[in-house]
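Remarks on the overall topology
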Amino acid sequence: ETGVTQTPRHLVMGMTNKKSLKCEQHLGHNAMYWYKQSAKKPLELMFVYNFKEQTENNSVPSRFSPECPNSSHLFLHLHTLQPEDSALYLCASRNRLNTEAFFGQGTRLTVV
Amino acid sequence: QKEVEQDPGPLSVPEGAIVSLNCTYSNSAFQYFMWYRQYSRKGPELLMYTYSSGNKEDGRFTAQVDKSSKYISLFIRDSQPSDSATYLCAILNRDDKIIFGKGTRLHILP
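Residues numbered from 1 in each chain as written. Chains lettered and ligands numbered in written order. Predicted model: local features only at pLDDT ≥ 70, side-chain atom pairs only at ≥ 80, totals over all residues. Heavy atoms only, no water.

**Thoughts on the overall build of chain A**
From N to C terminus, chain A includes 0 helices and 11 strands. Walking chain A from its N terminus toward its C terminus, one meets helices and strands in the order β-β-β-β-β-β-β-β-β-β-β. Referenced to the eigenvectors of the C-alpha coordinate spread, the extents of chain A come out at roughly 40 × 25 × 25 Å. Put simply, chain A has 112 residues, and 49% of those count as buried. (Helix = DSSP H or I, 4+ residues; strand = E, 2+ residues; numbered from the N terminus. Buried < 20%, exposed > 50% of the residue type's maximum accessible area, 1.4 Å probe, protein only.)

Below you can see the structure in the form of structure tokens.
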């Protein structure tokens, strides 16, 4: 256990559905990240939040919408996704004074 | 040129061998380096981090950074079948982005 919890672990959704991924950490970290991991590709950084403020949107389509209501919670809202969006979505957090980041176990998303 | 380059493998070695995993990076300003291990269907697990040139050791694992060559390495001594996983190198850049290599799939053969 890294202290970063992601729910749900698995999600199957249709292209017209709306769903949300949740990430939670109680490590006192002040930076949180969303990554996408597809087969045979590097981890792709999607969004960065520092002190609840979004500091990075790495050219992510608007069908992905992040939300960070407080420093312990991070959401990724999904709507009208495409089959190519199927991937493992990983959340990470870190203390900005330190280097190391800790990951959750990810949400395996399948878009049908 | 990609910021972090890593050979995806797969790399197969016999049990007990020394494993050498490597990455190169493009920007000499990068200062912070990490290695993660990822088992199938799990999130990446932090193994080691370092921010200086030289070696850092933790049990059977040694992380090495050569800033002059922009080259980072992870060595695993006395490799075990349980070390079979994907190993990811990562750098933390000045914008607080953590950039990953593709990951190297490692198989330790019993």
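**Quick look at the interface of chain A and chain B**
Contact residues are listed per partner, giving 23 residues for chain A and 17 residues for chain B. Contact between chain A and chain B buries roughly 1,800 Å² in total, counting both sides, with carbon and sulfur atoms accounting for 57%. Applying the counting criterion to the chain A and chain B interface returns 7 residue pairs in polar contact (both at pLDDT 80 or more). Of all elements in the fold, only β4 (31-37), β5 (44-50), β9 (87-94) and β10 (102-103) of chain A reach the threshold of two or more residues within the side of chain A that touches chain B. Here the residues of the side of chain A that touches chain B are counted per class, giving 11 nonpolar, 6 polar and 6 charged. (Contact = heavy atoms within 4.5 Å. Buried area = accessible area lost by both parts, 1.4 Å probe. Polar contact = N/O pair within 3.5 Å; in protein donor to acceptor, adjacent residues only side chain to side chain. Nonpolar A, V, L, I, M, F, W, Y, C, P; charged D, E, K, R; others polar.)

**As for the confidence of the model for chain A**
With 99% of its residues at a pLDDT of 70 or more, chain A has an overall mean of 91. For chain A, strand β6 (residues 53-57) of chain A is the element with the lowest average pLDDT, namely 77, and strand β3 (residues 18-25) of chain A is the one with the highest, namely 97. (pLDDT = per-residue confidence, 0-100.)

**Let's talk about the pairing of strand β7 (residues 61-66) of chain B**
Residues and elements named next belong to chain B. Across 5 bridges, strand β6 (residues 54-58) lies against β7 in antiparallel orientation. For D58, the partnering residue across the bridge sits in β7 and is F61. Turn length for the β6-β7 hairpin, with the two strands adjacent in sequence and antiparallel, is 2 residues, and the turn residue G59 shows positive phi of about 65°. Sheet topology note: the β7/strand β8 (residues 71-76) ladder contains 6 bridges and is antiparallel. (Pairing = 2+ DSSP bridges.)

**Some words on the layout of surface pockets**
Looking at the largest pocket, its volume works out to about 700 Å³. Contributions of two or more residues to the lining of the largest pocket are made by β9 (85-92) and β11 (104-109) of chain B. Ranked by the residues each element gives to the lining of the largest pocket, the list is headed by β11 of chain B, at 3 residues. Tallied by class, the residues present in the lining of the largest pocket amount to 7 nonpolar, 9 polar and 7 charged. Here the second largest pocket defines a volume of roughly 410 Å³. Lining of the second largest pocket is provided by 20 residues; of these, L43, E44, L45, M46 and N58 of chain A occupy positions nearest its centre. When contributions to the lining of the second largest pocket are tallied by element, the ones reaching two or more residues are β5 of chain A together with β10 (98-100) of chain B. Across the lining of the second largest pocket, the residue classes tally to 11 nonpolar, 2 polar and 7 charged. (1 Å grid on protein atoms, 1.4 Å probe; cavity = no way out; pocket = protein on both sides within 12 Å on 5 of 7 lines; lining within 4 Å. Points joined across faces, edges and corners; volume = space filled by probe spheres on them.)

**What about the pairing of β6 of chain A?**
Residues and elements named next belong to chain A. Judged from the 4 bridges that link them, β5 and β6 form a sheet pairing that is antiparallel. Following the sheet pairing, V48 is matched in β6 by E56. Linkage of β5 to β6, two consecutive antiparallel strands, is achieved through a turn of 2 residues, within which F51 is found at a positive phi near 50°.

**Examining the nonpolar core**
Judged by nonpolar contacts, the single largest core of 24 residues is most densely connected at W35, I72, L74 and Y87 of chain B. Elements with a contribution of two residues or more to this core: β3 (19-25), β4 (32-38), β5 (45-50), β7, β8, β9 and β11 of chain B. (Core = buried A, V, L, I, M, F, W, Y, C linked by side-chain atoms within 4.5 Å.)

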